[in-house]
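# Topology and contacts: notes
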Amino acid sequence: ELVTRDETVTLAAIDGRWSVVERNNYPAKLETLSAMANQVAKAKLLEQKTSRPENYARLGLVDLEDPASEAVQLSLRAGETEFTTLLGNNASGRTGRYARDGEQTWLTDAIDVEKLPAAWLEPVIINVESADVARVVLKGEGGELTFERNAQSEFDFGQLPPDRELKYPAITGEPARALVNVRLEDVAAHEDKRWQDVASANFTLLDGREIRVQAAKYGEGNWLNFSVGPAPESTETESAETRNGEETSDADSSETKTVVAITTALPDLSVWDYRVSSYVFDDFV
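Notes on the structure in this doc start here. (Residues numbered from 1 in each chain as written. Predicted model: local features only at pLDDT ≥ 70, side-chain atom pairs only at ≥ 80, totals over all residues. Heavy atoms only, no water.)

## Some points on the overall build of the protein
Within the protein, the secondary structure is distributed over 4 helices and 22 strands. Taken against the 2.2 N^0.38 rule, which gives 19 Å for 285 residues, the C-alpha radius of gyration of the protein at 27 Å runs more than 25% over that of a compact globule. Referenced to the eigenvectors of the C-alpha coordinate spread, the extents of the protein come out at roughly 95 × 55 × 35 Å. Across the 285 residues of the protein, 38% fall into the buried class. Restricting the contact set of the protein to residue pairs at least 6 apart, pairs at least 24 apart contribute 59%. Taking the 29 positively charged and 51 negatively charged side chains of the protein as two groups, their mean positions are separated by 8 Å. (Helix = DSSP H or I, 4+ residues; strand = E, 2+ residues; numbered from the N terminus. Rg over C-alpha atoms; globule rule 2.2 N^0.38 Å. Buried < 20%, exposed > 50% of the residue type's maximum accessible area, 1.4 Å probe, protein only. Contact = heavy atoms within 4.5 Å. Lys, Arg positive; Asp, Glu negative; His and termini not counted. Charge placed at Lys NZ, Arg CZ, Asp CG, Glu CD.)

## So, the nonpolar core
A general tendency of soluble globular proteins is for nonpolar side chains to be buried together. Ranked by internal contacts, the top residues of the largest apolar core, which has 49 residues, are Phe203, Phe226, Tyr274 and Phe284. Those residues within four positions of Tyr274 in sequence are excluded, and the remaining contacts are Tyr26, Ile125, Leu184, Asp186, Val187, Asn222, Trp223, Leu224, Phe226, Leu266 and Leu269. (Core = buried A, V, L, I, M, F, W, Y, C linked by side-chain atoms within 4.5 Å.)

## Some words on the pairing of strand 19 (residues 221-228)
Judged by how many residues are buried, strand 19 sits mostly within the fold: 6 of 8 residues are covered. In sequence, strand 18 (residues 210-218) turns back onto strand 19 through a hairpin of 2 residues, with Gly219 there showing a positive phi of about 60°. When strand 19 meets strand 22 (residues 272-276), the two strands line up antiparallel, connected through 3 bridges. By the bridge assignment, Trp223 is partnered in strand 22 with Arg275. (Pairing = 2+ DSSP bridges.)

## A short note on the environment of Val285
On the secondary structure map, Val285 appears in the segment after helix 4 (278-282). For the pair Val285 and Ala199, spaced 86 residues apart in sequence, the C-alpha to C-alpha distance is 6.2 Å. When sequence neighbours within four positions are dropped, the list of residues in contact with Val285 reads Ala199 and Ala215.

## A few points about the pairing of strand 18
In this structure, strand 17 (residues 199-205) lies alongside strand 18, joined through 6 bridges in antiparallel fashion. Across the sheet, residue Phe203 finds its bridge partner in strand 18, namely Ile211. Two successive antiparallel strands, strand 17 and strand 18, enclose a turn made up of 4 residues, where Gly208 displays a positive phi of approximately 95°. Relative to strand 19, strand 18 is paired through 8 bridges, and the arrangement is antiparallel. Across the sheet, residue Ile211 finds its bridge partner in strand 19, namely Val228.

## Brief notes about the sheet that holds strand 4 (residues 17-20)
Ordered in space as 3-4-5, the 3 strands form an open sheet in which the pairing is antiparallel. Either end of the sheet is taken by a strand with one partner, and the two such strands are strand 3 (11-14) and strand 5 (26-27). One ladder, built from 4 bridges, connects strand 3 with strand 4; its direction is antiparallel. Bridge pairing links Ile14 to Arg17 in strand 4.

## Some words on the environment of Val133
Among the structural elements, Val133 can be located in strand 12 (residues 133-140). By relative accessible area, Val133 is classed as buried at 0%. C-alpha of Val133 to C-alpha of Asn55: the two residues are 78 residues apart in sequence and 60 Å apart in space. Those residues in contact with Val133, other than ones at most four positions away along the chain, are Val128, Arg149, Phe155, Ala176, Phe203, Thr204, Leu205 and Leu206.

## What about the packing of aromatic side chains?
Considering all chains together, one arrives at 6 aromatic pairs under this definition. Their ring planes at 85° and their centres at 4.9 Å tell us that Tyr26 and Trp272 sit as a pair that is edge-to-face. Of the two residues, Tyr26 is situated in strand 5 and Trp272 in strand 22; the sequence distance between them amounts to 246 residues. The buried category is assigned to Trp272, whose relative accessible area is 9%. One aromatic cluster is present, formed by Tyr26, Phe203, Phe226, Trp272, Tyr274 and Phe284 through successive ring pairs. Above the ring of Trp223, the side-chain terminus of Arg194 is found at 4.4 Å from the ring centroid. (Phe/Tyr/Trp six-rings, centres within 6.5 Å; stacked < 30°, edge-to-face > 60°. Lys NZ or Arg CZ within 6 Å of the ring centre and 35° of its normal.)

## Observations regarding helix 1 (residues 30-42)
Its 13 residues give helix 1 an end-to-end C-alpha distance of 18 Å, which sits within 8% of 18 Å, the value for a rise of 1.5 Å per residue. Considered for burial, the residues of helix 1 that qualify are Thr32, Leu33, Met36 and Val40. Down the axis, helix 1 shows its buried residues gathered within 95° of arc, on one side only. Every exposed residue of helix 1 that faces more than 90 degrees away from the buried side is listed here: Glu31, Ala41 and Lys42. At its buried positions, helix 1 is contacted by strand 1 (2-3), strand 3, strand 4, strand 7 (72-78) and strand 8 (81-90). (Expected span 1.5 Å × (residues − 1). Arc of directions from axis to C-beta.)

See below:
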């Protein structure tokens, strides 16, 4: 648990997965969590500092109740065991951070902590390689745009007016890259109120699955919502069939559809709304 004057971040192992409690138990960023835990586990008290309250402010170790406090209270819990310390400023001119235990302050090894819940979220919403996208349809107030692979596996755009030209030839392949490593800024449980005025992007994958992305501006944020269709069942013809009166082998007749890899931290993306940067948002509108 990380507590500051304005925020609380609780990271908990829930059902075998580390989650950010203040974001409805959304998956936590394990890389950041692991780095902090290792720093705390290995930290040593390097130098004893002041124990006088009037000097705490210089080290960033004023009590959290003080409106001017910039400290972070770090608590680790395992069963009945708890460790708590107050972390202050990073040391200037040397490696380390100031910490306080009771009235005594110390210089300890560097410990990096993020103060905001959003900074602890697993940042990648979804990742689908552009080569696995067969068709993209963008829908909005201005109408509908369709991009589809041709026989040469390049994307065609058949809606170009005769008096217009593409900004550059490869631009028709850009929509297929919209699902590559999509990252969030923040997340919230899905709410219908955000989706009154939406654009949408529908992606058809090579295995036949559909991914629908809704995009909407709500408040001061750009929001996305994802719905991933079910994976197609692998289809296989009968193991032996008669061809011109002769039986064929399994190798000749079996056909298996390869399922496209979709990387995501969640089994169901649709129950969340994702706030994203304008740069990411524009890819879907």
